[in-house]
Each structure stands twice: as C-alpha cells, then as structure tokens.
Amino acid sequence: LFSTGQLEQLRRGAGAPSSFAKALDIGAGVGLVTDELRPLCGRVIATETSQGMARRLRSAGYECWEEDLAETVGGRRVQNSGPGAAGDLGLVDDADRARAEHEGTFELVSILNVIDRSRQPAGLLRAAHRLLDPERGWLLLATPLPYRPFYYEGARTYAPLAQESLALPRARQWVPAEGNAEDEEWAVGAERLIQRVLPSQGFEVVAFSRIPYISAGDADDDLAYLDDVVLLARPTAAVADALPQQQ
C-alpha cells in the first residue's frame, strides 16, 4: 500500500509526531503494511478476524487481537436510565469490557483498506475513536475510491449493515475503469469522506494524499488497479452514539 518513506512524508505534512508509543493496526492481514508502521512505533498491536492471518501475525512477533473491533469496542452503547444513572453509557457485553482498559491509550490507530470490506464500517471508526488518546491520538486511514463496499461471509458477498454503513457515494460501476475515467468520482468521494463522513464520526482530517493501489482482484480479474485516499486525522469531541435503553 505504501512505504515507510511515504508514510513519513504524510506524517511531516500533518505535523504528527515522529514516533508513537502505542499503535493499533485494525485488519492487519498478514502484516505487510504493519511492518511499515513498526519503525515509527514502540508497541504495535494488530487485529484480525481471520484465524489463519492472526496466527501468521503472532508468528511474526505481533500481539494480535483475534476479533472484530466494530463489535467488541465499536458497538453502539445502551443509554442507562433510572435513579443514579445520570445518562451513563453501559458496556455492551463481556468482550467490550475486555478492551475497556485500552480505551484512550493508543497514540496511533490505523485502518488501511478495511472500511470498504467491513460489515460495520461505522463501528470500526467508533472503535478507533474510543481507543485513541484524546490528546495525542492520530487516525491513519486508507481506502480505495470510488467506494465499493462489501464484505465476505464464506464465499458470498454482502453489503454492509444499513445502520452501520458510511454516507459515501457508491461507484457508478462495480468493475474499476482503466485510466483516468474515475478521477471525478475519486475527488467527490474524497471530499465527502474528509468534509462530512469523518467529522460526523468525531475526526478532523489534517493531511491526505492519493496513492495508487494494486488489489489482488477477484474471480473475474487477476488484478485491480485502484487509487487510495490515505489520510491522517485527529479525534475531536466524543460522538453521541448511544441507543435508548429498551423498556
């Protein structure tokens, strides 16, 4: 996706720190991009939903959380009510409690080419917001544009959950076009992501870039030539995402 040098150039443009004490790479895959983050970070934790990929990450020396953070950390929380509740947010379940100690402790959270392949992309952004240090934290996000979101369940593909999808314009055609045919769509998608979607999730974009990305493709095409938006953003005010308590 990018080299450590390209990341360093983006970091300097954003005025981000030269190193991060604690970083989290969400959806790390086999760790190829995580390896590029490692020189900039003290402690790096990876997450993966795939058991096989999690095993490879651990064999490469990474601490790996084998879970979907959109569910264990990013789940919408229930608004407590009744005497003494004072509008507190209740944790969703035991898995959420297991990660509560890490909330607000990461200086860098990366989500690289994951939100377009997630069942709950908004949940991933909520998880990142909760896990980032509110004063020193940075979000490193990359996604191909135009936006073509889906996720795999076995061999089948599905659209993200409606209530957890992102308000990004979808690509006009499913198969990426060659050349510069999608430049206008890319620009519109990047503007929407930077000016509307991320602010609505509690992030302010500081710097961004456009870089080419070669995907492994699918059953119809061996390779897909795409363009990513890569950006650094800071967490802003907490996002009001509580659900009313069921009676």
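What you are looking at is a predicted structure, and each value in this text was computed from that prediction instead of being measured.

K.L.:
It is not clear to me how the sheet that holds strand E3 (residues 63-65) should be interpreted in this structure. Could you clarify?
P.N.:
Strand order across the open sheet formed by 7 strands is E3-E2-E1-E6-E7-E11-E10, with mixed pairing between neighbours. What marks the edges here is a single partner per strand, and that holds for E3 and strand E10 (203-215). The average angle at which neighbouring strand axes cross in this sheet is 20°, direction not considered. Pairing analysis gives 7 bridges linking strand E7 (residues 138-145) to strand E11 (residues 224-235), with the strands arranged antiparallel. Following the sheet pairing, threonine 143 is matched in E11 by valine 229. Strands strand E1 (20-26), strand E6 (108-112), E7, E10 and E11 of the sheet are contacted by helix H6 (residues 121-131), whose axis makes an angle of about 165° with E6.

K.L.:
What should I look at first to understand the nonpolar core in this one?
P.N.:
Nonpolar side chains in soluble globular proteins tend to end up buried together. Formed by 36 residues in total, the largest nonpolar core has its most connected members in Leu24, Val109, Ile111, Leu139 and Leu231. Looking at this core, the elements that each hand over two or more residues are E1, helix H4 (69-72), E6, H6, E7, helix H7 (183-200), E10 and E11. Other than its neighbours up to four places away in sequence, leucine 24 contacts Ile45, Thr47, Trp65, Leu69, Phe106, Leu108, Val109, Ser110 and Leu131. Within the second largest apolar cluster, 27 residues are counted, among which are Ala14, Ala54, Cys64 and Leu140.

K.L.:
What is the right way to look at unusual backbone geometry in this model?
P.N.:
With glycine set apart, most residues show a phi of negative sign, and most peptide bonds adopt trans. In this structure, the amide linkage connecting leucine 145 to the following residue, proline 146, adopts the cis form with an omega of 0°. The residue proline 146 is located in the loop between E7 and strand E8 (151-153) in this model. The phi dihedral of asparagine 113 is positive, around 55°, even though this residue is not glycine. Within the secondary structure layout, asparagine 113 lies in the loop between E6 and H6.

K.L.:
Can you walk me through the packing of aromatic side chains in this structure?
P.N.:
Here a ring pair, both rings aromatic, is described through the centre-centre distance and the interplanar angle of the planes. Inspection of the entire model under this criterion finds 3 aromatic pairs. Where tryptophan 65 meets phenylalanine 106, the ring centres are 6.1 Å apart and the plane angle is 80°; that geometry is what we call edge-to-face. Highlighted residues: tryptophan 65 in strand E3 and phenylalanine 106 in the loop between helix H5 (94-100) and E6, separated in sequence by 41 residues. Summarising the burial analysis for this pair, tryptophan 65 and phenylalanine 106 share the class buried. For the ring pair phenylalanine 150 and tyrosine 152, a centre distance of 5.2 Å and an interplane angle of 80° mean the geometry is edge-to-face. One Lys or Arg, arginine 210, reaches over the ring of tryptophan 186 and ends 4.5 Å from the middle of that ring. Positioned above the aromatic ring of tryptophan 138 is the side chain of arginine 234, whose terminal nitrogen or guanidinium carbon lies 4.6 Å from the ring centre.

K.L.:
Help me understand the pattern of salt bridges, please; the structure alone is not making it clear to me.
P.N.:
Proximity of charged atoms lets side chains of opposite charge pair with each other. Under the counting rule described, the total for this entry stands at 12 salt bridges. The shortest N-O distance in the salt bridge between aspartate 133 and arginine 136 comes to 3.0 Å. Across the salt bridge formed by aspartate 183 and arginine 210, the nearest N and O atoms sit 2.9 Å from each other. Of this pair, aspartate 183 sits in helix H7 while arginine 210 sits in strand E10, and the two are 27 residues apart along the sequence. Taking relative accessible area as the criterion, aspartate 183 reaches 29% and is therefore assigned partly exposed. Overall, arginine 210 belongs to the partly exposed group, its relative accessible area being 34%. In the salt-bridge network here, residues are joined through shared partners; they are Glu8, Arg11 and Arg12.

Rules and cut-offs
For every chain, the first residue of its written sequence is number 1, and the numbers climb from 1 along that sequence. Per-residue local features of the predicted model are confined to residues with pLDDT of at least 70, and side-chain atom pairs are confined, for both listing and counting, to 80 or more; whole-chain, interface and lining totals are unaffected and use all residues. For the side-chain quantities, the full set of heavy atoms in the structure was used; hydrogens and water were omitted. Any two strands with at least two DSSP bridges between them are considered paired. A run of DSSP states H or I qualifies as a helix once it reaches four residues; a run of E qualifies as a strand once it reaches two. Both are numbered from the N-terminal end. Only C-alpha atoms enter the line fits that serve as axes; for helices the fit covers just the stretch in contact. Angles between N-to-C directions range over 0 to 180 degrees. Between two residues, a contact is recorded if the distance between any of their heavy atoms is within 4.5 Å. Nine residue types can take part in a nonpolar core, namely buried Ala, Val, Leu, Ile, Met, Phe, Trp, Tyr and Cys, and a core is a set of them joined through side-chain atoms within 4.5 Å. Relative accessibility decides the category of a residue: with a 1.4 Å probe and only protein chains considered, values under 20% of the type maximum give buried, values over 50% give exposed, and everything between is partly exposed. Note on aromatic pairs: the rings of Phe, Tyr and Trp (six-membered ring only in Trp) are paired at centre separations within 6.5 Å, and the planes decide the class, stacked below 30 degrees, edge-to-face beyond 60, tilted for the rest. Criterion for a charge above a ring: Lys NZ or Arg CZ within 6 Å of the ring centre, and within 35 degrees of the ring normal. When a carboxyl oxygen of Asp or Glu is within 4 Å of a side-chain nitrogen of Lys or Arg, the pair counts as a salt bridge.

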